[in-house]
Amino acid sequence: MSLFRSRKPTPARRGRGNLKAALEAYSQGDFPTAFSHFLPLAEAGNAEAQYHLGMMYGSGLGVMRDSGDAAAWLRRAAEQDHAEALFQYGLLLASGAAAPNDNDPAVRWHKRAASRNPAAAQANLELLHPNGLGVAQDQAEAVRWYRRAADLGHAPSQTNLGMMHVIGQGVPRDAAEGLRWLTAAAGQDNAAAQFHIGSLYATGEGVERDPAAALDWYRKAADQGHVIAQLNLGLMYANGQGVERSYEEAARWYAAAAEQGNAAAQVNLGLLYANGQGVPRDYSKVIEWFRKAAEQGNTSAQFNLGFIFANGVAGRQDFAESVIWYRKAATLGNVAAQVNLGLMYVNSQGVMQDFEEAATWFRKAAERGNATAQVNLGLLHANGHGLPQSHAEAARWFQQAAAQGNSTAQVHLGQMYADGRGVPQDTTQAYMLLSQAASALPPGEELNRVTASLNAIAGTLSSEDLQRATELARGLREPVPSAGA
(Lines give C-alpha, C1' and ligand atoms only; values in the text may rest on other atoms or scores of the structure.)
Protein backbone atom coordinates (compact mmCIF):
# COMPACT_ATOMS: atom_id res chain seq x y z
CA MET A 1 0.00 0.00 0.00
CA SER A 2 1.56 3.27 -1.11
CA LEU A 3 0.78 6.19 1.18
CA PHE A 4 3.22 8.63 -0.45
CA ARG A 5 2.42 9.86 -3.96
CA SER A 6 3.06 12.76 -6.34
CA ARG A 7 1.79 16.11 -5.14
CA LYS A 8 -1.07 17.23 -7.40
CA PRO A 9 -4.13 18.76 -5.76
CA THR A 10 -7.23 16.64 -5.56
CA PRO A 11 -9.77 17.48 -8.27
CA ALA A 12 -13.08 18.67 -6.83
CA ARG A 13 -16.36 20.22 -7.85
CA ARG A 14 -16.19 23.69 -9.32
CA GLY A 15 -18.14 26.67 -8.08
CA ARG A 16 -17.81 30.28 -7.18
CA GLY A 17 -15.85 31.40 -4.17
CA ASN A 18 -15.54 34.58 -2.18
CA LEU A 19 -12.21 35.13 -0.48
CA LYS A 20 -13.53 37.61 2.07
CA ALA A 21 -16.36 35.24 3.04
CA ALA A 22 -13.90 32.34 3.16
CA LEU A 23 -11.50 34.16 5.49
CA GLU A 24 -14.34 35.30 7.72
CA ALA A 25 -15.75 31.78 8.00
CA TYR A 26 -12.24 30.41 8.66
CA SER A 27 -11.63 32.91 11.45
CA GLN A 28 -14.96 31.96 13.06
CA GLY A 29 -14.20 28.24 12.91
CA ASP A 30 -16.84 27.56 10.24
CA PHE A 31 -14.52 25.36 8.23
CA PRO A 32 -17.05 23.68 5.89
CA THR A 33 -18.19 27.11 4.66
CA ALA A 34 -14.60 28.30 4.41
CA PHE A 35 -13.69 25.19 2.40
CA SER A 36 -16.59 25.68 -0.02
CA HIS A 37 -15.26 29.17 -0.83
CA PHE A 38 -11.53 28.36 -0.78
CA LEU A 39 -11.71 25.36 -3.11
CA PRO A 40 -12.93 27.04 -6.32
CA LEU A 41 -10.66 29.99 -5.67
CA ALA A 42 -7.68 27.66 -5.14
CA GLU A 43 -8.46 25.74 -8.29
CA ALA A 44 -8.58 29.05 -10.14
CA GLY A 45 -5.06 29.79 -8.90
CA ASN A 46 -5.64 32.07 -5.89
CA ALA A 47 -2.52 31.67 -3.72
CA GLU A 48 -4.21 32.74 -0.47
CA ALA A 49 -6.94 30.17 -0.96
CA GLN A 50 -4.39 27.50 -1.86
CA TYR A 51 -2.44 28.31 1.31
CA HIS A 52 -5.52 28.05 3.53
CA LEU A 53 -6.62 24.80 1.89
CA GLY A 54 -3.16 23.39 2.60
CA MET A 55 -3.43 24.40 6.25
CA MET A 56 -6.93 22.90 6.51
CA TYR A 57 -5.80 19.58 5.09
CA GLY A 58 -2.70 19.64 7.28
CA SER A 59 -4.73 20.10 10.48
CA GLY A 60 -7.93 18.30 9.52
CA LEU A 61 -10.06 21.45 9.73
CA GLY A 62 -13.39 20.69 8.06
CA VAL A 63 -11.77 17.91 6.01
CA MET A 64 -10.05 14.62 6.74
CA ARG A 65 -6.46 15.30 7.70
CA ASP A 66 -4.32 14.49 4.66
CA SER A 67 -0.66 15.53 4.56
CA GLY A 68 -0.44 14.71 0.87
CA ASP A 69 -3.18 17.17 -0.08
CA ALA A 70 -1.78 19.69 2.42
CA ALA A 71 1.59 19.54 0.71
CA ALA A 72 0.04 19.77 -2.74
CA TRP A 73 -1.93 22.94 -2.03
CA LEU A 74 0.87 24.55 -0.05
CA ARG A 75 3.24 23.92 -2.92
CA ARG A 76 0.81 25.51 -5.40
CA ALA A 77 0.72 28.64 -3.23
CA ALA A 78 4.48 28.53 -2.62
CA GLU A 79 5.17 28.43 -6.33
CA GLN A 80 3.46 31.83 -6.46
CA ASP A 81 5.85 33.11 -3.75
CA HIS A 82 3.22 33.14 -1.01
CA ALA A 83 5.67 33.62 1.88
CA GLU A 84 3.74 31.75 4.57
CA ALA A 85 3.06 28.87 2.17
CA LEU A 86 6.77 28.71 1.34
CA PHE A 87 7.47 28.46 5.06
CA GLN A 88 4.80 25.87 5.81
CA TYR A 89 5.76 23.74 2.84
CA GLY A 90 9.37 23.88 4.01
CA LEU A 91 8.24 22.73 7.46
CA LEU A 92 6.46 19.74 5.94
CA LEU A 93 9.53 18.74 3.96
CA ALA A 94 11.94 19.34 6.85
CA SER A 95 10.06 17.13 9.28
CA GLY A 96 8.21 14.82 6.94
CA ALA A 97 4.56 14.07 7.58
CA ALA A 98 3.92 10.44 8.31
CA ALA A 99 0.94 8.72 6.80
CA PRO A 100 -1.86 8.08 9.32
CA ASN A 101 -1.36 5.07 11.58
CA ASP A 102 -3.31 1.83 11.42
CA ASN A 103 -6.10 3.23 13.60
CA ASP A 104 -6.96 5.96 11.10
CA PRO A 105 -10.33 5.24 9.43
CA ALA A 106 -8.91 5.69 5.92
CA VAL A 107 -6.10 3.23 6.55
CA ARG A 108 -8.42 0.71 8.26
CA TRP A 109 -10.85 0.91 5.35
CA HIS A 110 -8.09 0.49 2.78
CA LYS A 111 -6.59 -2.53 4.54
CA ARG A 112 -9.98 -4.20 4.81
CA ALA A 113 -10.69 -3.58 1.13
CA ALA A 114 -7.20 -4.66 0.11
CA SER A 115 -7.67 -8.02 1.83
CA ARG A 116 -10.61 -8.69 -0.51
CA ASN A 117 -9.58 -7.00 -3.75
CA PRO A 118 -6.09 -5.46 -3.69
CA ALA A 119 -6.27 -3.94 -7.18
CA ALA A 120 -9.63 -2.26 -6.57
CA ALA A 121 -8.51 -1.02 -3.15
CA GLN A 122 -5.38 0.57 -4.62
CA ALA A 123 -7.45 2.19 -7.39
CA ASN A 124 -9.85 3.62 -4.81
CA LEU A 125 -6.96 4.91 -2.69
CA GLU A 126 -5.53 6.71 -5.71
CA LEU A 127 -8.94 8.14 -6.56
CA LEU A 128 -9.66 9.39 -3.03
CA HIS A 129 -6.10 10.38 -2.13
CA PRO A 130 -4.15 11.02 -5.34
CA ASN A 131 -1.51 12.92 -3.38
CA GLY A 132 -0.97 10.10 -0.88
CA LEU A 133 -1.52 10.35 2.85
CA GLY A 134 1.98 11.43 3.84
CA VAL A 135 4.97 13.54 2.83
CA ALA A 136 8.47 12.11 2.68
CA GLN A 137 11.15 14.03 4.60
CA ASP A 138 13.54 15.96 2.35
CA GLN A 139 15.83 18.37 4.18
CA ALA A 140 17.59 19.67 1.07
CA GLU A 141 14.27 20.45 -0.61
CA ALA A 142 13.09 22.15 2.59
CA VAL A 143 16.13 24.43 2.46
CA ARG A 144 15.26 25.41 -1.11
CA TRP A 145 11.76 26.51 -0.16
CA TYR A 146 12.88 28.21 3.05
CA ARG A 147 15.41 30.19 1.04
CA ARG A 148 12.75 31.46 -1.37
CA ALA A 149 10.69 32.70 1.58
CA ALA A 150 13.76 34.05 3.37
CA ASP A 151 14.72 36.06 0.30
CA LEU A 152 11.27 37.62 0.49
CA GLY A 153 12.04 38.71 4.07
CA HIS A 154 9.91 36.09 5.82
CA ALA A 155 11.41 36.05 9.33
CA PRO A 156 10.35 32.53 10.44
CA SER A 157 11.85 31.11 7.23
CA GLN A 158 15.05 33.08 7.81
CA THR A 159 15.18 31.60 11.31
CA ASN A 160 14.68 28.02 10.14
CA LEU A 161 17.12 28.45 7.27
CA GLY A 162 19.67 29.86 9.69
CA MET A 163 19.33 26.92 12.05
CA MET A 164 19.62 24.41 9.18
CA HIS A 165 22.94 26.01 8.29
CA VAL A 166 24.03 25.97 11.95
CA ILE A 167 23.32 22.25 12.44
CA GLY A 168 24.00 21.15 8.88
CA GLN A 169 20.59 19.86 7.85
CA GLY A 170 20.02 19.86 4.10
CA VAL A 171 23.10 22.04 3.61
CA PRO A 172 26.76 21.83 4.67
CA ARG A 173 27.23 22.98 8.22
CA ASP A 174 28.09 26.70 8.22
CA ALA A 175 27.53 28.56 11.49
CA ALA A 176 28.54 31.92 9.97
CA GLU A 177 25.92 31.62 7.23
CA GLY A 178 23.43 30.47 9.82
CA LEU A 179 24.17 33.49 12.00
CA ARG A 180 23.68 35.77 8.98
CA TRP A 181 20.15 34.50 8.42
CA LEU A 182 19.35 34.47 12.14
CA THR A 183 20.52 38.08 12.42
CA ALA A 184 18.26 39.05 9.51
CA ALA A 185 15.28 37.48 11.30
CA ALA A 186 16.27 38.93 14.67
CA GLY A 187 16.35 42.35 13.06
CA GLN A 188 12.62 41.87 12.45
CA ASP A 189 12.16 41.10 16.16
CA ASN A 190 11.72 37.37 15.57
CA ALA A 191 11.96 35.94 19.10
CA ALA A 192 13.04 32.48 17.97
CA ALA A 193 15.96 33.96 16.02
CA GLN A 194 16.98 36.11 18.98
CA PHE A 195 16.89 33.04 21.22
CA HIS A 196 19.02 30.99 18.81
CA ILE A 197 21.61 33.77 18.52
CA GLY A 198 21.75 33.85 22.32
CA SER A 199 22.36 30.10 22.34
CA LEU A 200 25.19 30.46 19.81
CA TYR A 201 26.93 33.01 22.03
CA ALA A 202 26.26 30.91 25.12
CA THR A 203 27.91 27.82 23.61
CA GLY A 204 30.48 29.47 21.33
CA GLU A 205 29.01 27.77 18.26
CA GLY A 206 30.35 29.62 15.21
CA VAL A 207 31.14 32.71 17.30
CA GLU A 208 33.42 33.49 20.19
CA ARG A 209 31.73 32.42 23.40
CA ASP A 210 30.28 35.52 25.06
CA PRO A 211 27.89 35.01 28.02
CA ALA A 212 27.11 38.73 28.21
CA ALA A 213 26.05 38.79 24.56
CA ALA A 214 24.04 35.62 25.12
CA LEU A 215 22.26 37.33 28.01
CA ASP A 216 21.38 40.32 25.84
CA TRP A 217 19.91 38.18 23.07
CA TYR A 218 18.03 35.98 25.50
CA ARG A 219 16.55 39.12 27.07
CA LYS A 220 15.32 40.37 23.68
CA ALA A 221 13.53 37.05 23.11
CA ALA A 222 12.33 36.77 26.70
CA ASP A 223 10.79 40.23 26.57
CA GLN A 224 8.64 38.91 23.72
CA GLY A 225 7.55 35.94 25.80
CA HIS A 226 9.93 33.28 24.45
CA VAL A 227 9.64 30.72 27.23
CA ILE A 228 13.01 28.95 26.87
CA ALA A 229 14.77 32.33 26.70
CA GLN A 230 13.04 33.23 29.96
CA LEU A 231 14.20 29.95 31.51
CA ASN A 232 17.77 30.48 30.30
CA LEU A 233 17.81 34.05 31.64
CA GLY A 234 16.76 32.68 35.01
CA LEU A 235 19.57 30.13 34.91
CA MET A 236 22.15 32.76 33.96
CA TYR A 237 21.10 35.07 36.80
CA ALA A 238 21.00 32.18 39.26
CA ASN A 239 24.51 31.05 38.29
CA GLY A 240 26.05 34.48 37.64
CA GLN A 241 26.84 33.74 33.99
CA GLY A 242 27.47 36.90 31.96
CA VAL A 243 25.95 38.97 34.75
CA GLU A 244 26.24 39.46 38.50
CA ARG A 245 24.34 36.73 40.32
CA SER A 246 20.86 37.83 41.30
CA TYR A 247 18.34 35.37 42.69
CA GLU A 248 15.71 38.10 42.53
CA GLU A 249 16.15 38.39 38.76
CA ALA A 250 16.36 34.61 38.46
CA ALA A 251 13.04 34.30 40.29
CA ARG A 252 11.46 36.93 38.05
CA TRP A 253 12.40 35.13 34.84
CA TYR A 254 11.67 31.66 36.21
CA ALA A 255 8.22 32.94 37.19
CA ALA A 256 7.62 34.31 33.70
CA ALA A 257 8.44 30.92 32.15
CA ALA A 258 6.65 29.00 34.89
CA GLU A 259 3.45 30.93 34.30
CA GLN A 260 3.63 29.78 30.68
CA GLY A 261 3.76 26.18 31.88
CA ASN A 262 7.46 25.44 31.53
CA ALA A 263 8.13 22.53 33.88
CA ALA A 264 11.86 23.18 34.34
CA ALA A 265 11.17 26.79 35.33
CA GLN A 266 8.46 25.62 37.73
CA VAL A 267 10.95 23.28 39.43
CA ASN A 268 13.64 25.97 39.64
CA LEU A 269 11.18 28.51 41.01
CA GLY A 270 10.06 25.96 43.59
CA LEU A 271 13.68 25.45 44.65
CA LEU A 272 14.15 29.20 45.11
CA TYR A 273 11.08 29.26 47.38
CA ALA A 274 12.46 26.24 49.28
CA ASN A 275 15.80 27.96 49.89
CA GLY A 276 14.49 31.49 50.33
CA GLN A 277 16.67 32.74 47.48
CA GLY A 278 15.33 35.85 45.79
CA VAL A 279 11.89 35.17 47.28
CA PRO A 280 10.67 34.55 50.85
CA ARG A 281 10.92 30.91 51.94
CA ASP A 282 7.42 29.54 51.44
CA TYR A 283 6.72 25.81 51.29
CA SER A 284 3.17 26.32 50.14
CA LYS A 285 4.68 27.93 47.02
CA VAL A 286 7.26 25.14 46.81
CA ILE A 287 4.55 22.48 46.72
CA GLU A 288 2.40 24.54 44.34
CA TRP A 289 5.15 24.88 41.73
CA PHE A 290 6.54 21.37 42.16
CA ARG A 291 3.02 19.98 41.76
CA LYS A 292 2.48 21.92 38.52
CA ALA A 293 5.70 20.50 37.08
CA ALA A 294 5.06 17.02 38.49
CA GLU A 295 1.66 16.86 36.83
CA GLN A 296 3.45 17.43 33.51
CA GLY A 297 5.61 14.37 34.16
CA ASN A 298 8.71 16.18 35.41
CA THR A 299 10.52 13.53 37.46
CA SER A 300 12.63 16.01 39.45
CA ALA A 301 9.44 17.67 40.70
CA GLN A 302 7.87 14.29 41.44
CA PHE A 303 10.94 13.18 43.38
CA ASN A 304 11.07 16.45 45.33
CA LEU A 305 7.41 16.14 46.28
CA GLY A 306 8.06 12.59 47.46
CA PHE A 307 10.99 13.81 49.55
CA ILE A 308 9.01 16.71 51.05
CA PHE A 309 6.13 14.50 52.14
CA ALA A 310 8.39 11.67 53.36
CA ASN A 311 10.43 13.97 55.56
CA GLY A 312 7.77 16.43 56.65
CA VAL A 313 9.82 19.28 55.22
CA ALA A 314 6.69 21.38 54.73
CA GLY A 315 5.49 20.55 58.24
CA ARG A 316 3.30 17.56 57.45
CA GLN A 317 4.79 14.10 57.08
CA ASP A 318 2.70 11.92 54.78
CA PHE A 319 4.28 8.63 53.70
CA ALA A 320 1.31 7.60 51.58
CA GLU A 321 1.52 10.82 49.56
CA SER A 322 5.27 10.41 49.35
CA VAL A 323 4.91 6.93 47.85
CA ILE A 324 2.54 8.26 45.19
CA TRP A 325 5.08 10.79 43.95
CA TYR A 326 8.12 8.52 44.30
CA ARG A 327 6.29 5.86 42.28
CA LYS A 328 5.44 8.31 39.51
CA ALA A 329 9.07 9.41 39.22
CA ALA A 330 10.42 5.88 39.60
CA THR A 331 8.15 4.56 36.87
CA LEU A 332 9.53 7.25 34.56
CA GLY A 333 13.07 6.14 35.32
CA ASN A 334 14.20 8.54 38.05
CA VAL A 335 16.94 6.59 39.79
CA ALA A 336 16.82 8.43 43.13
CA ALA A 337 13.07 7.84 43.29
CA GLN A 338 13.58 4.15 42.55
CA VAL A 339 15.98 3.91 45.50
CA ASN A 340 13.69 5.81 47.87
CA LEU A 341 10.62 3.85 46.82
CA GLY A 342 12.54 0.66 47.50
CA LEU A 343 13.41 1.95 50.97
CA MET A 344 9.74 2.78 51.62
CA TYR A 345 8.89 -0.87 50.92
CA VAL A 346 11.69 -2.07 53.18
CA ASN A 347 10.67 0.20 56.05
CA SER A 348 6.90 -0.15 55.60
CA GLN A 349 6.40 3.59 55.12
CA GLY A 350 3.18 4.38 53.31
CA VAL A 351 2.98 0.81 52.02
CA MET A 352 2.97 -2.70 53.44
CA GLN A 353 6.48 -4.09 53.89
CA ASP A 354 7.39 -5.96 50.73
CA PHE A 355 11.00 -7.00 50.19
CA GLU A 356 10.30 -8.40 46.74
CA GLU A 357 8.90 -5.08 45.55
CA ALA A 358 11.83 -3.30 47.20
CA ALA A 359 14.24 -5.58 45.33
CA THR A 360 12.50 -4.77 42.04
CA TRP A 361 13.07 -1.05 42.48
CA PHE A 362 16.58 -1.41 43.89
CA ARG A 363 17.56 -3.55 40.90
CA LYS A 364 16.32 -0.96 38.40
CA ALA A 365 18.51 1.69 40.02
CA ALA A 366 21.43 -0.67 40.67
CA GLU A 367 21.61 -1.69 37.03
CA ARG A 368 22.00 1.98 36.17
CA GLY A 369 24.98 2.25 38.50
CA ASN A 370 23.44 3.72 41.63
CA ALA A 371 25.70 2.71 44.53
CA THR A 372 23.05 3.03 47.26
CA ALA A 373 20.74 0.71 45.33
CA GLN A 374 23.60 -1.74 44.80
CA VAL A 375 24.28 -1.82 48.54
CA ASN A 376 20.62 -2.38 49.38
CA LEU A 377 20.25 -5.09 46.76
CA GLY A 378 23.34 -6.74 48.20
CA LEU A 379 21.82 -6.64 51.70
CA LEU A 380 18.58 -8.24 50.48
CA HIS A 381 20.60 -11.06 48.89
CA ALA A 382 22.78 -11.46 51.98
CA ASN A 383 19.76 -11.74 54.29
CA GLY A 384 17.44 -13.61 51.94
CA HIS A 385 14.81 -10.87 52.13
CA GLY A 386 12.59 -10.93 49.04
CA LEU A 387 15.33 -12.75 47.12
CA PRO A 388 17.02 -16.14 47.43
CA GLN A 389 19.83 -15.85 49.93
CA SER A 390 23.11 -15.70 48.04
CA HIS A 391 26.31 -14.39 49.56
CA ALA A 392 28.00 -14.56 46.16
CA GLU A 393 25.31 -12.36 44.61
CA ALA A 394 25.49 -10.03 47.60
CA ALA A 395 29.25 -9.75 47.18
CA ARG A 396 28.83 -8.98 43.47
CA TRP A 397 26.59 -5.99 44.20
CA PHE A 398 28.75 -4.83 47.13
CA GLN A 399 31.79 -4.94 44.85
CA GLN A 400 30.13 -2.67 42.28
CA ALA A 401 29.23 -0.12 44.94
CA ALA A 402 32.62 -0.40 46.66
CA ALA A 403 34.37 0.36 43.36
CA GLN A 404 32.47 3.68 43.38
CA GLY A 405 33.82 4.50 46.83
CA ASN A 406 30.68 3.63 48.81
CA SER A 407 31.95 3.11 52.37
CA THR A 408 28.99 0.94 53.44
CA ALA A 409 29.69 -1.44 50.57
CA GLN A 410 33.39 -1.45 51.44
CA VAL A 411 32.60 -2.44 55.02
CA HIS A 412 30.25 -5.28 54.04
CA LEU A 413 32.54 -6.58 51.31
CA GLY A 414 35.54 -6.30 53.60
CA GLN A 415 33.83 -8.43 56.24
CA MET A 416 32.89 -10.99 53.56
CA TYR A 417 36.54 -11.28 52.48
CA ALA A 418 37.55 -11.61 56.11
CA ASP A 419 35.06 -14.43 56.69
CA GLY A 420 35.16 -16.03 53.24
CA ARG A 421 31.43 -15.56 52.66
CA GLY A 422 30.50 -15.41 48.98
CA VAL A 423 34.15 -14.77 48.05
CA PRO A 424 37.39 -16.61 48.74
CA GLN A 425 38.79 -15.66 52.13
CA ASP A 426 41.39 -12.95 51.65
CA THR A 427 42.39 -10.95 54.70
CA THR A 428 44.59 -8.64 52.63
CA GLN A 429 41.60 -7.59 50.53
CA ALA A 430 39.51 -7.35 53.71
CA TYR A 431 42.04 -5.00 55.32
CA MET A 432 42.28 -2.89 52.16
CA LEU A 433 38.49 -2.46 51.89
CA LEU A 434 37.98 -1.70 55.57
CA SER A 435 40.84 0.83 55.46
CA GLN A 436 39.22 2.61 52.54
CA ALA A 437 35.92 2.72 54.41
CA ALA A 438 37.56 3.97 57.61
CA SER A 439 39.19 6.87 55.78
CA ALA A 440 35.74 8.10 54.67
CA LEU A 441 33.69 7.44 57.81
CA PRO A 442 32.98 10.23 60.31
CA PRO A 443 33.82 9.71 63.98
CA GLY A 444 31.27 7.48 65.66
CA GLU A 445 30.24 3.93 66.48
CA GLU A 446 30.58 2.60 62.95
CA LEU A 447 34.11 3.92 62.60
CA ASN A 448 34.96 2.38 65.98
CA ARG A 449 33.65 -1.03 64.82
CA VAL A 450 35.58 -0.83 61.56
CA THR A 451 38.74 0.20 63.42
CA ALA A 452 38.36 -2.78 65.77
CA SER A 453 38.00 -5.11 62.77
CA LEU A 454 41.10 -3.60 61.17
CA ASN A 455 43.13 -4.15 64.34
CA ALA A 456 41.95 -7.76 64.55
CA ILE A 457 42.83 -8.44 60.91
CA ALA A 458 46.18 -6.66 61.18
CA GLY A 459 47.17 -9.15 63.90
CA THR A 460 46.78 -12.00 61.40
CA LEU A 461 48.81 -10.42 58.56
CA SER A 462 52.52 -10.60 57.97
CA SER A 463 54.33 -7.29 57.77
CA GLU A 464 54.60 -7.73 54.00
CA ASP A 465 50.87 -8.43 53.58
CA LEU A 466 49.98 -5.54 55.87
CA GLN A 467 52.13 -3.17 53.80
CA ARG A 468 50.54 -4.45 50.58
CA ALA A 469 47.02 -4.02 52.02
CA THR A 470 47.87 -0.49 53.14
CA GLU A 471 49.18 0.38 49.69
CA LEU A 472 46.07 -1.08 48.07
CA ALA A 473 43.90 1.04 50.34
CA ARG A 474 45.78 4.13 49.24
CA GLY A 475 45.22 3.21 45.59
CA LEU A 476 48.92 2.52 44.92
CA ARG A 477 48.29 -0.92 43.42
CA GLU A 478 45.68 -2.79 41.44
CA PRO A 479 41.99 -2.30 42.38
CA VAL A 480 39.91 -4.89 44.19
CA PRO A 481 39.14 -7.86 41.93
CA SER A 482 35.58 -8.72 40.97
CA ALA A 483 33.72 -10.73 43.57
CA GLY A 484 34.22 -14.45 43.07
CA ALA A 485 37.25 -13.95 40.79
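Quantities reported herein were computed from a predicted structural model and do not represent experimental measurements.

## A look at the overall build of the chain
Helices and strands together make up the secondary structure of the chain, namely 26 helices and 0 strands. By the burial criterion, 46% of the 485 residues in the chain qualify as buried. Sequence separation of 24 or more characterises 52% of the internal contacts of the chain that already satisfy a separation of 6 or more. Here the chain displays about 22700 Å² of accessible surface, and carbon together with sulfur accounts for 48% of that area.

## Observations concerning the environment of E43
Note on placement: E43 falls in helix α2 (residues 31-43). Taking C-alpha positions, E43 is 9.7 Å from R76, a pair spaced 33 residues apart along the chain.

## Focus on the nonpolar core
With 39 residues, the main nonpolar core has F35, F38, L53 and Y146 as its most contacted residues. Elements that contribute at least two residues to this core include exactly α1 (19-27), α2, α3 (47-59), α4 (67-78), α5 (83-95), α8 (139-151) and α9 (155-167). Beyond its immediate stretch of four places on either side in the chain, Y146 contacts F87, G90, L91, A94, S157, N160, L161 and M164. Counting 38 residues, the second-largest nonpolar core is a separate cluster that includes A238, A250, W289 and W325.

## A word on helix α18 (residues 319-331)
If you check α18, its first and last C-alpha atoms are 18 Å apart, about what 13 residues at 1.5 Å a residue would give, namely 18 Å. All buried positions along α18 are accounted for by E321, S322, V323, W325, Y326, A329 and A330. In the core, the buried residues of α18 are packed alongside α16 (283-294), α17 (299-311), α19 (335-347) and α20 (355-366). The N-terminus of α18 is capped by D318, whose side-chain oxygen sits 3.3 Å from the backbone nitrogen of A320. Once α18 finishes, G333 follows within two positions and takes phi at roughly 100 degrees, a positive value.

## Observations regarding the packing of aromatic side chains
Applying the stated rule across the entire model yields 8 aromatic pairs. Arranged with centres 6.1 Å apart and planes meeting at 70 degrees, the rings of Y26 and F38 form a pair that is edge-to-face. On the criterion of sequence distance, the pair formed by Y26 in helix α1 and F38 in helix α2 is long-range, its members being 12 residues apart. Judged by its relative accessible area of 0%, F38 is buried. Through pairs of rings, three or more aromatic residues link up here, namely Y26, F31 and F38. Over the face of the ring belonging to W289 we find K292, whose NZ or CZ atom lies 5.7 Å from the ring centre.

## Some thoughts on the pattern of salt bridges
Within this structure, the stated rule accounts for 12 salt bridges. Across the pair R75 and E79 runs a salt bridge, and its minimum N-O distance is 3.1 Å. Look at R75 and you get partly exposed, because its relative accessible area is 24%. The residue E141 makes a salt bridge to R144 at a minimum N-O spacing of 2.7 Å.

## Quick notes on the packing of helix α13 (residues 227-239) against helix α14 (residues 247-259)
Viewed as axis vectors pointing N to C, α13 and α14 meet at an angle of 160 degrees, and their least axial separation amounts to 8 Å. Between α13 and α14, the interaxial angle falls into the category roughly antiparallel. Along this stretch, α13 crosses α14, giving a crossing that reads as left-handed. Two secondary-structure elements touch here, α13 through V227, Q230, L231, L233, G234, L235, Y237 and A238 and α14 through Y247, E249, A250, W253, Y254, A256 and A257.

## As for helix α24 (residues 427-440)
Compared with an ideal rise of 1.5 Å per residue, which puts 14 residues at 20 Å, α24 spans 20 Å between its outermost C-alpha atoms and is within 8% of the ideal. Among the 14 residues of α24, 10 are classified as buried, and the element is accordingly described as predominantly covered. Residues of α24 that are buried make contact with α22 (391-402), α23 (407-419), α25 (445-458) and α26 (463-473). The N-cap of α24, judged by a side-chain oxygen 3.1 Å from the amide nitrogen of T428 a few residues on, is D426.

Rules and cut-offs
Residues numbered from 1 in each chain as written. Predicted model: local features only at pLDDT ≥ 70, side-chain atom pairs only at ≥ 80, totals over all residues. Heavy atoms only, no water. Helix = DSSP H or I, 4+ residues; strand = E, 2+ residues; numbered from the N terminus. Buried < 20%, exposed > 50% of the residue type's maximum accessible area, 1.4 Å probe, protein only. Contact = heavy atoms within 4.5 Å. Areas by Shrake-Rupley, 256 points an atom, 1.4 Å probe, with all protein chains shown as cover. Core = buried A, V, L, I, M, F, W, Y, C linked by side-chain atoms within 4.5 Å. Expected span 1.5 Å × (residues − 1). Polar contact = N/O pair within 3.5 Å; in protein donor to acceptor, adjacent residues only side chain to side chain. Phe/Tyr/Trp six-rings, centres within 6.5 Å; stacked < 30°, edge-to-face > 60°. Lys NZ or Arg CZ within 6 Å of the ring centre and 35° of its normal. Salt bridge = Lys/Arg side-chain N within 4 Å of Asp/Glu carboxyl O. Axes fitted to C-alpha atoms, helices over the stretch in contact; angles between N-to-C directions. Parallel < 35°, antiparallel > 145°, perpendicular 65-115°, else oblique. Left-handed = near helix turned anticlockwise from the far one by under 90°.

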